[in-house]
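# Structural overview for review
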Amino acid sequence: MRKIIKKAFIVSDKYDINKKLDIYISNGTIVKIGENIEPNEETEIVDADGFFVMPGFIDMYCKMCEAGYENKHNIVMISQSAAVGGFTTITSLPNSQPVIDNKTVVEYVYSKTREKSNINMLPYGSMTKECLGKEVTEIGEMIDAGIVAISDGGVPVDDNRLLRNILLYSKMFDVPVITFCLDRQLTGRGVINSGYMSTKMGLEGILREAEDVAVSRNIILAKNTGARLHISHVTTRGAVELVRYGKENGVNVTAGTCPHYFTLSEMAVEGYNTFAKVLPPLRTDDDIKAVKEGIKDGTIDVITSGHTPVSIDKKKTEFDNASFGISGLESAFPVCFSEMVDSGTINIKDMVKLMSSNPAKILGLKNKGYIEEGFDADFIVADLNEKYNIDASSFKSKAKYSPFDGKCVKGRVVKTFVKGNCIYEYGVKC
Amino acid sequence: MDFSRKDFISLMDMSEEEILYILETAETMKFVLSQKNKKAPYLQGKSVIILFYEKSTRAKLSYELAAQYLSADIVDITIPKVTDQYETINDMGRTIDQMGGDFIICRHPMSGSAKFLAENVQASVINAGDGINEDPSQSLLDLMTIKNEKGTFKGLKVAIIGDVAHSRVTRSNIWGLIKLGAEVCVVGPPTMIPPKIEKFNVKVFYDIKKGIENADVIMTLRYTSDKNSDSQLITLNEYKSFFRLEENFLEYAKDDVIVMHPGAVNRGIEISSRILEGKRFLLDDQITNGVAVRMALLYLLSMRAGVLK
């Protein structure tokens with residue numbers, strides 16, 4: 001199976017982005033990149049004239065929901081949703097039922113994804129049994145079975161000593177420890193950011209220091225253990241500054257955020273809009289500014305979709321009663337491109353680093369995250385000039401809602417390729 | 001004016017004109033209340049469902065009497081606890097719709113629930129308290145009491161003392177008073193003051209004497225010892241010594257200051273007993289006005305076309 005992608009602008013440090021180049025793919029691998037590669041009889045030609053080719057995005061924070069929560073999502077739909085959004089590799093948080101906390105479940109997840117998914121799905125293993133924050137899991141066995149990182153998903157580990165020991169132990173495997181940072185005592189019963197909107201709407205607030213305290217604790221523990229710490233969500237100015245401090249002081253820390261944390265403020269919950277109820281909550285304009293600065297100066301390494309779908313019944317209810325969650329896979333790229341690249345904050349290469357190269361590096365995925373010879377042919381073809389409005393009802397995801405619904409964005413994934421196979425084409429039913 | 005609302009949810013989204021119009025209507029209703037036979041036919045053939053998810057005695061009594069004085073049929077549903085098998089308020093509302101309910105008077109422990117219900121039912125919804133968000137009718141009775149005493153709201157200084165962060169009537173009062181041109185100060189320990197309240201043009205004081213300086217109106221709030229709330233940080237004893245309104249404090253306020261309370265006074269905790277017995281304390285007026293205001297709301301909402309289906 002051979003293909004040539006013709007006349008594409010390649011988003012990569014190695015090649016001139018203004019030059020139209022051909023990409024020759026054979027057996028799922030990028031074999032050659034150059035001008036006017038001559039096809040032979042068997043090669044399929046994919047015309048990408050005027051379009052940009054970039055490495056497929058790698059999502060470091062995504063809830064697969066299967067097994068156990070198929071009412072919210074399932075592997076087939078999530079892989080379709082990912083393909084539409086330009087994600088060729090997604091990870092799975094361990095918070096399924098059963099929790100991915102031992103090698104048998106890891107093997108089960110792999111067998112399921114191999115059977116049903118046409119994108120790469122890589123599970124995380126939980127660091128504590130059932131993500132309860134009490135007892136450490138068999139991390140080594142799970143790594144042997146194929147997990148790429150350890151994480152308790154959206155559940156913070158409250159116990160300082162336990163987390164410290166997990167960080168220390170993780171060094172044996174050189175595996176990233178992905179932590180969700182919210183101090184639960186400070187979070188309390190909060191449902192939105194504590195501040196102007198919580199006062200206006202009479203909702204319990206989540207303090208910004210709930211995140212800052214947890215981030216600082218984790219950075220201190222990583223500093224002293226030397227472990228590889230990744231902070232999954234940075235949403236406050238305080239957290240950005242702490243991560244920056246950590247990096248300046250030689251701590252092995254990386255950090256991620258999601259598109260909604262640098263585009264939407266707490267104002268999005270106006271009128272008790274449960275679609276904007278996410279955890280950590282949407283913060284203030286000042287925090288958005290800080291997160292953008294952090295993305296710009298490299299403090300924040302990764303942008304994830306933050307895809308945490310919940311059923312519509314859990315959104316169409318009283319605000320306090322509604323679940324935290326967002327349908328993020330299909331809006332992440334256009335929102336990120338419009339808000340960060342088109343506005344001139346970062347360039348398209350930076351965006352690719354944030355959404356693909358850096359995640360590949362952090363997760364230790366060889367041959368992914370770049371369009372280069374010898375790398376996996378996981379890439380997307382994107383039209384960066386097309387303007388349109390996000391329509392959540394047309395999402396492939398089971399969660400057909402979004403706080404971005406109706407937002408005017410720029411940039412569309414035209415085709416998605418995994419291992420050289422086209423798994424999604426805009427306007428064509430898969 | 002044309003009062004065409006289907007629901008009465010919050011003072012946050014009401015205009016000054018609408019608030020004053022309700023208060024004016026409430027004066028007419030107060031006249032009905034003062035008659036020998038307290039019955040007006042305006043809600044004859046209409047049904048009022050009192051849907052309370054919290055325990056209540058006073059508020060419920062006030063709503064029931066208001067509806068009865070207007071000749072409505074009343075059903076009282078109290079679901080004291082939101083449990084795991086809890087049916088969303090939306091489903092409950094649809095049931096009431098199908099049975100022909102015209103009004104739902106709803107009290108619920110979650111903020112925003114009355115708005116959510118109103119958006120999903122045909123019946124008129126009156127918010128009788130949603131979480132810690134608003135209790136707008138309770139606020140209207142306070143406003144009516146102030147208006148009766150002071151004639152106007154413009155330039156009045158109103159000091160509110162107590163757990164402002166967790167008081168829904170206070171939120172409604174703040175939005176209402178500011179719209180009507182009054183100046184609002186809140187007084188309490190920092191753990192009882194909601195964040196960023198200054199952004200709404202509300203002044204914050206931690207010292208009761210400074211907070212009530214030159215006040216025309218003092219509103220004291222009920223002290224509750226909710227174990228899950230940050231407010232419990234201050235002990236009852238310390239609250240009493242720092243925030244109880246003593247009679248001699250009133251010297252700091254204007255000479256004609258009035259003192260109010262939302263009801264169920266903890267004697268000797270929020271206010272000294274001497275003020276409670278004094279002429280400046282207007283709880284009795286507030287209670288009467290409460291019935292009048294609720295009658296006015298039912299009457300005005302019944303005027304919309306939707307109810308006459």
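Residues numbered from 1 in each chain as written. Chains lettered and ligands numbered in written order. Predicted model: local features only at pLDDT ≥ 70, side-chain atom pairs only at ≥ 80, totals over all residues. Heavy atoms only, no water.

## Focus: the domain arrangement of chain B
Residues and elements named next belong to chain B.
- When the domains of chain B are assigned, the result is domain 1 (16-134 + 288-308) and domain 2 (136-282).
- Domain 1 puts 26 residues into the contact, and the matching count from domain 2 is 23 residues.
- Where domain 1 abuts domain 2, roughly 2000 Å² becomes buried across the two surfaces, and 61% of that area is made up of carbon and sulfur atoms.
- Inspection of the region where domain 1 meets domain 2 yields two salt bridges.
- Taking the shortest distance from any N to any O, the salt bridge between K154 and E16 comes out at 2.9 Å.
- The tally of links between domain 1 and domain 2 comes to nine residue pairs in polar contact (both at pLDDT 80 or more).
- For the side of domain 1 that touches domain 2, the element with the most residues is helix α1 (residues 16-33), which contributes eight residues.
- Partitioning the side of domain 1 that touches domain 2 into residue classes produces ten nonpolar, seven polar and nine charged. (Domains from an automatic or database assignment. Contact = heavy atoms within 4.5 Å. Buried area = accessible area lost by both parts, 1.4 Å probe. Salt bridge = Lys/Arg side-chain N within 4 Å of Asp/Glu carboxyl O. Polar contact = N/O pair within 3.5 Å; in protein donor to acceptor, adjacent residues only side chain to side chain. Helix = DSSP H or I, 4+ residues; strand = E, 2+ residues; numbered from the N terminus. Nonpolar A, V, L, I, M, F, W, Y, C, P; charged D, E, K, R; others polar.)

## What to know about helix α4 (residues 160-170) of chain A
All names here are of chain A.
- Those residues of α4 lying buried are L162, L163, I166, L167 and S170. Burial along α4 is one-sided: seen end-on, the buried residues are contained in an arc of 135°.
- Elements that come into contact with the buried residues of α4 comprise α3 (139-145), β9 (150-151), β10 (177-179), α7 (208-225) and β13 (229-231).
- Its side-chain oxygen 3.0 Å from the backbone nitrogen of R161, D159 forms the N-cap of α4. (Buried < 20%, exposed > 50% of the residue type's maximum accessible area, 1.4 Å probe, protein only. Arc of directions from axis to C-beta.)

## Examining the sheet that holds strand β6 (residues 57-59) of chain A
All names here are of chain A.
- With respect to topology, three strands assemble into an open sheet ordered β6-β7-β8, the strand pairing being parallel. Each of the sheet's edge strands pairs with one partner strand only, and the pair in question is β6 and β8 (120-123). In this sheet, neighbouring strand axes are inclined to one another by 15° on average, regardless of whether the strands run parallel or antiparallel.
- For β6 and strand β7 (residues 87-92), the ladder comprises three bridges, and the chain directions are parallel. Directly across from I58, in β7, lies its bridge partner T89.
- Across the face of the sheet, helix α1 (residues 75-85) comes into contact with β6, β7 and β8 while running at roughly 135° to β7. (Pairing = 2+ DSSP bridges. Axes fitted to C-alpha atoms, helices over the stretch in contact; angles between N-to-C directions.)

## With respect to the sheet that holds strand β6 (residues 183-187) of chain B
All names here are of chain B.
- Overall, parallel pairing links the five strands, which are arranged β7-β6-β5-β8-β9 in an open sheet. Whereas interior strands pair on both sides, the edge strands pair on one side only; in this sheet they are β7 (202-205) and β9 (258-260). Between one strand and the next, the sheet's axes are offset by a mean angle of 20°, whatever the strand orientation.
- Contacting β5 (157-161), β6, β7 and β8 (217-220), helix α6 (residues 168-179) crosses the sheet at an angle of about 155° to β6.

## Some thoughts on the interface of chain B and chain A
- On the chain A side, the residues contacting the 27 residues of chain B number 19 residues.
- For the chain B and chain A pair, buried surface summed over both sides reaches about 1700 Å², with 59% attributable to carbon and sulfur atoms.
- Along the contact surface separating chain B from chain A lie zero salt bridges.
- There are seven residue pairs in polar contact (both at pLDDT 80 or more) connecting chain B and chain A.
- Looking at which element gives the most residues to the side of chain B that touches chain A, the answer is helix α4 (residues 113-120) of chain B, with three residues.

## Quick word on the pairing of strand β3 (residues 103-108) of chain B
Residues and elements named next belong to chain B.
- Taken across its six residues, β3 has six buried, putting it largely inside the fold.
- Burial along β3 is two-sided: the residues F103, I105 and R107 and I104, C106 and H108 are all buried.
- In terms of strand pairing, strand β1 (residues 47-52) meets β3 through five bridges, oriented parallel. The residue bridging L51 from the neighbouring strand is C106, located in β3.
- Each parallel crossover has a hand, and for β3 linked through α4 to strand β4 (residues 124-130) it is right-handed. (Right-handed = clockwise from strand over helix to strand, strands pointing away.)

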